[in-house]
Every structure is written in C-alpha cells, then in structure tokens.
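# Understanding the architecture of this molecule
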Amino acid sequence: MHRQLVVNGGYVATQTRAKRAGRKPARIVILVGTRKGAWLLHGDAARRRWRLDGPHFLGQIVHHLVLDPRDRITLLASTSTGHLGPTLFRSLDLGHTWVEARHPPAFPKAPDGQPGRAVNHTFWLAPGHAGETGTWYAGTSPHGLFRSEDGGDRWEPCAGLNDNPQYREWMGGPQDGTPDGPKLHSVLIDSRDARHLYIGMSSGGVHESVDGGRNWAPLIEGLEVVQGLDASEVRFHDPHCVRLCPTRPDRLYQQNHCGIYRLDRPARRWTRIGRNMPPEVGDIGFPMVVHPRDPETAWVFPMDGSTVWPRVAIGGRPAAYVTRDGGETWERQDRGMPDSQAWWTVKRQAMCADAGDPVGLYVGTTSGEIWASRDEGAAWSCIARHLPEIYAIEAA
Amino acid sequence: MKVRIPRPRQSYTRSPEVNARGATLAELLRDLDRQFPGLRFRMIDEQERLRPHMRIFVNGEQVRALDRALRPSDRVQIIQALSGG
C-alpha cells in the first residue's frame, strides 16, 4: 500500500508499509553556487566518482542554483554581480544552455515622492507544490517574496507580504540586516496543501501563511533573541535556516542566531533542542538539514558564535552534529574531516542531503571545498576543492 | 546615436558599440532594452534609479538624470565600475 508521494531530492520516492529497499539515485548532481560562478558536480550512482562541470556564469555571484524536482529538467540560477542588477537564468538541459528570465523578481514602482525598494539579489529559490507544476517562489534581499507560475520566466511580487504595512515595519531597512543585506529565506511549502507556506527573514522572524501568501502571521513563540532585546518584538528575531520534514510536514527544524529549535504543529511554541548539544560546542550555526524520510533525524554544522562571531569551525575542528531523536541527543560526526587548523565557514544554504539510502550529505565551505558523506555523516571525504567561496549547494 | 557598452554588458549586445534612439536618456535606455532584452534592468532598478557603480556620460559629461534630453549627434557612454573581490 502506497503512502504519501514525496518529491524529494531529485527523484520521486514512494513509501510503502512493506519493507523499503535501500536505494541509490540513478544519477546525482550537486548544484554549486559560488561568489564567482556556478558548477555542477556530477556523481555516479555509488556517489564515489565525481565530475566537475563549469564554470557557468564565470565572475558572477550565483546565490542559489536549484533543479525542479517535479520535472528534473528546469534549472534556475539566481545571479548578480557586484555592480550590476540581479537576474535569474533558466536552463532546460542541465546547464548546457541558459536563457535569462524575462521578468526577474522586482518590486513595483513606488508612487512619486515615495521611496521604493529594489531587489539587490534573489537569495532563495524554492520550487512550488508538487501539484502546481511550474510554480516557484523566490526570497530576495532586501526582504521580498515573489512567485512564478511559468517555470521562473516571469515573477510577480507577493503583495500580501511585501506590501503589508506591519511586515514592512518588521522587515526594517538595509541597516537592519546582515552585512550583505537582509534576506528572505527558507521558503517552505507544505506538501499537503499548496496554500500553506512558511518563510524566514533574517531580522524578521519566521512566518506562516495558510492562504497562499495573502495573509501572514509570526511564528516566533519560544525563540530567543540577542540578550537585552525584547523577544516579543518580531524584528529582533533572526532565523538562519528553517526546514520542514518531507514525511512529517507538521515538524520544522530551525537553526537560529540564538540556537537550534524544533516545532511540532499545530503547536506554536518552538523548543530549543540545541540546549542538548555539548556545552563546549553550543548550538550556533547557519545550515539545517533534515533527513528526507525520517523526521527524527537532522543535521547541523556548528559555528563559533563567541565574542565577535568568528563564524568558523569551533577550535578549527569542523564537525557536523546529528540528532536521531528529534533533538533530544546529538552525536558528533567528523571522521575524515581535518582535526586542526581547519577554519571552515559554512553558509546557511551550503549544506544539503540527497535522497539516497543511506542519505548522502554535502557541505560546501567558503574556502571552496565540498565535503561529502555517503553514510549519513559517519565518514566524510573531500570531493571538490579550489572552487570560489561557496554560497549554496543543492543535491538533485 | 552611438552608445558605448561596457564589456560586462556585451553579453547582451555582442558589440562594444551599438546604435540606439531616444529624445531623452530614459527613452534611449528603453530602446536599448527593446533591442537587447534585459539589459536595462541590469543598469536601472525598478524605481528608475541608476544602479550603484553605473555611470552614464553624454558627450563626455556625466549625467545622472534620466530625463536628460538627447540629440541624434550625441555620444553616449555607459561605464561600469569594476572593483572589489
């Protein structure tokens, strides 16, 4: 008997009550966005041999590169440069050719005399619901949510969020965000209901819509903020990465500026599961990765958040941490990684999982290396190096 | 009129110099966008502002106002600053 159809990690997986055979993807490609272009890292079914294809868009910042899991054909790349406006490119042949989006995400023209916003770059790309072929969402910097219904060629602003006066106040201005701008990220779609959405906003919190984005409400109960600030103020909240469990859409995990959290709907209060991390490690970091099938399993990559926030591997000893019980306990995973003087920084979009069995994990560093594990983090090896600063990686 | 295009934008025009029309700078940029779709948005944002690090010169004089009037004999040069890592 078939259970929920899950479109995940680049291929369709159906789960049955009968035993589930271990599976390896027939083909896997790691999509790598960097400060100086994009690369595609093609792997064999065993995930042992890798071939690097690129660069694409040499010299351009590629913020996010995502393959539509619904058709495994449409590939979207969000790009910008230091001096030119942002845009999106689409490929229907895994990067052999690219076509620029005719109408990339852009805010509406403001009435005369009023200041208007301009998209600096599209930070986060998310394919829409499995039942809405061709739909995509984009989160931008400064904060903005956009939707496409034609595979990423034309984009419309989600006015219910972007133009809501309360949200405009919460979003703040450029001075309120990260050094390279405030970002709307973690656009999540409930697999059971295309109208049920979540987003995260750096300096702005986590928010939910149940009507396709027309109306939104904060989901910040239980989240902590920087000491001295009022946690009841939405604008003080800084989620780094929020993920929704594919096989249990009522469970969310979050890596926040102030810890690691879990939320089980319909509850509204987050639980700081990061308090169960070893105290000498803490629960500061950027990425959050969830298991494609097991909602009890998730991974983080802790960063040093002490003093001036170095944002590097703690003590120069990088490691992933895994929980297999919803955050009650955590296990260090660093076999194969350097054990000293490895000052890695991993951005929030630079860690991902494939849908294989066992799950493969991938970490991209700002020093241009990609590390992979074929066994859910038990052992790691470097599969690519000498790339530019890695902004985002996705397994497809 | 002749318009000089900065190298980073020649992926659109395939040439360092193109011809375009317009009674104002704004009209000229729209004509460029008509010929080379997408080019304008890389230089002018959705609020009709020149993007940072873009400069436009008309007959050697830097211009910021998009309503600047143009004559068919004018030479327009688009400059893009290159800096940073």
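What you see is a predicted model, and the numbers here were worked out from it, not measured in a lab.

This part is about the overall build of chain B. Of the regular secondary structure elements, chain B holds three helices and five strands. Listed by position from the N terminus, the elements making up chain B come as β-α-β-α-α-β-β-β. Computed over C-alpha atoms, the radius of gyration of chain B comes to 12 Å, within 12% of the 12 Å expected from 2.2 N^0.38 for 85 residues, which places it in the range of a compact globule. Across the 85 residues in chain B, those meeting the buried criterion constitute 22%. Across chain B, the fraction of contacts at a sequence separation of at least 24, relative to all contacts at a separation of at least 6, is 46%.

Direction of pairing for strand β1 (residues 2-4) of chain B relative to strand β5 (residues 75-80) of chain B: parallel, over a ladder of three bridges. Counted as the bridge partner of B:R4 is B:Q77 from β5(B).

Looking now at the interface of chain B and chain A. The partner chain A presents 14 residues to the 15 residues of chain B that form the contact. If one sorts the elements of the side of chain B that touches chain A by residue count, helix α3 (residues 39-43) of chain B sits on top with three residues. Of the residues assigned to the side of chain B that touches chain A, the class counts are six nonpolar, five polar and four charged.

This part is about the environment of A:C258. All names here are of chain A. Residue placement: C258 occurs in the loop between β19 (248-256) and β20 (259-264). On the basis of neighbour counts, which here come to 22 C-beta atoms within 10 Å, the residue C258 falls in the buried class. For C258 and V226, which are 32 residues apart along the polypeptide, the C-alpha to C-alpha distance reads 6.9 Å. Leave out the neighbours within four places in its chain, and C258 touches E224, V225 and V226.

Our next topic: the sheet that holds strand β7 (residues 75-80) of chain A. Residues and elements named next belong to chain A. With antiparallel pairing, the four strands of this open sheet are ordered in space as β6-β7-β8-β9. In this open sheet, the two edge strands, each paired with only one partner strand, are β6 (61-67) and β9 (99-100). Relative to β9, strand β8 (residues 87-91) is paired through two bridges, and the arrangement is antiparallel. Looking across to β9, one finds that F89 is bridged to E100.

Glancing now at the pairing of strand β15 (residues 197-201) of chain A. Residues and elements named next belong to chain A. Within β15, five of the five residues are buried, which leaves the element mostly enclosed by the surrounding structure. Every second residue of β15 is oriented toward a common face, with L197, I199 and M201 on one face and Y198 and G200 on the other, all of them buried. By the bridge criterion, four bridges tie strand β14 (residues 184-189) to β15 in an arrangement that is antiparallel. The partner of L188 across the bridge, within β15, is Y198. As paired strands, β15 and strand β16 (residues 205-209) are joined by five bridges and run antiparallel to one another. What sits directly across from M201, in β16, is G205. Connecting the antiparallel pair β15 and β16 is a turn made up of three residues, with S203 showing a positive phi of about 55 degrees.

Ranked by size, the top nonpolar core spans 99 residues in total, and within it A:L31, A:V32, A:Y362, A:I370 and A:I393 carry the most contacts. Beyond its immediate stretch of four places on either side in the chain, A:L31 contacts A:L40, A:L65, A:V66, A:L67, A:I393, A:E394 and A:A396. Core analysis: the second largest hydrophobic core is formed by 17 residues, B:A20, B:L28, B:F41 and B:L70 among them.

Moving on: helix α2 (residues 25-35) of chain B. Given 3.6 residues per helical turn, the α-helix brings residues three or four places apart onto the same face. Residue and element names in this part refer to chain B. For α2, the full list of buried residues reads L25, L28, L29 and L32. When α2 is viewed along its axis, its buried side chains cluster within an angular range of 95 degrees and face the same direction. Along its buried surface, α2 packs onto β1, α3, β3 (54-58), β4 (61-63) and β5.

So, how was this worked out
- Residues numbered from 1 in each chain as written.
- Chains lettered and ligands numbered in written order.
- Predicted model: local features only at pLDDT ≥ 70, side-chain atom pairs only at ≥ 80, totals over all residues.
- Helix = DSSP H or I, 4+ residues; strand = E, 2+ residues; numbered from the N terminus.
- Rg over C-alpha atoms; globule rule 2.2 N^0.38 Å.
- Buried ≥ 20, exposed ≤ 12 C-beta atoms within 10 Å, placed from the backbone.
- Contact = placed C-beta atoms within 7 Å.
- Pairing = 2+ DSSP bridges.
- Nonpolar A, V, L, I, M, F, W, Y, C, P; charged D, E, K, R; others polar.
- Core = buried A, V, L, I, M, F, W, Y, C linked by C-beta atoms within 7 Å.
- Arc of directions from axis to C-beta.

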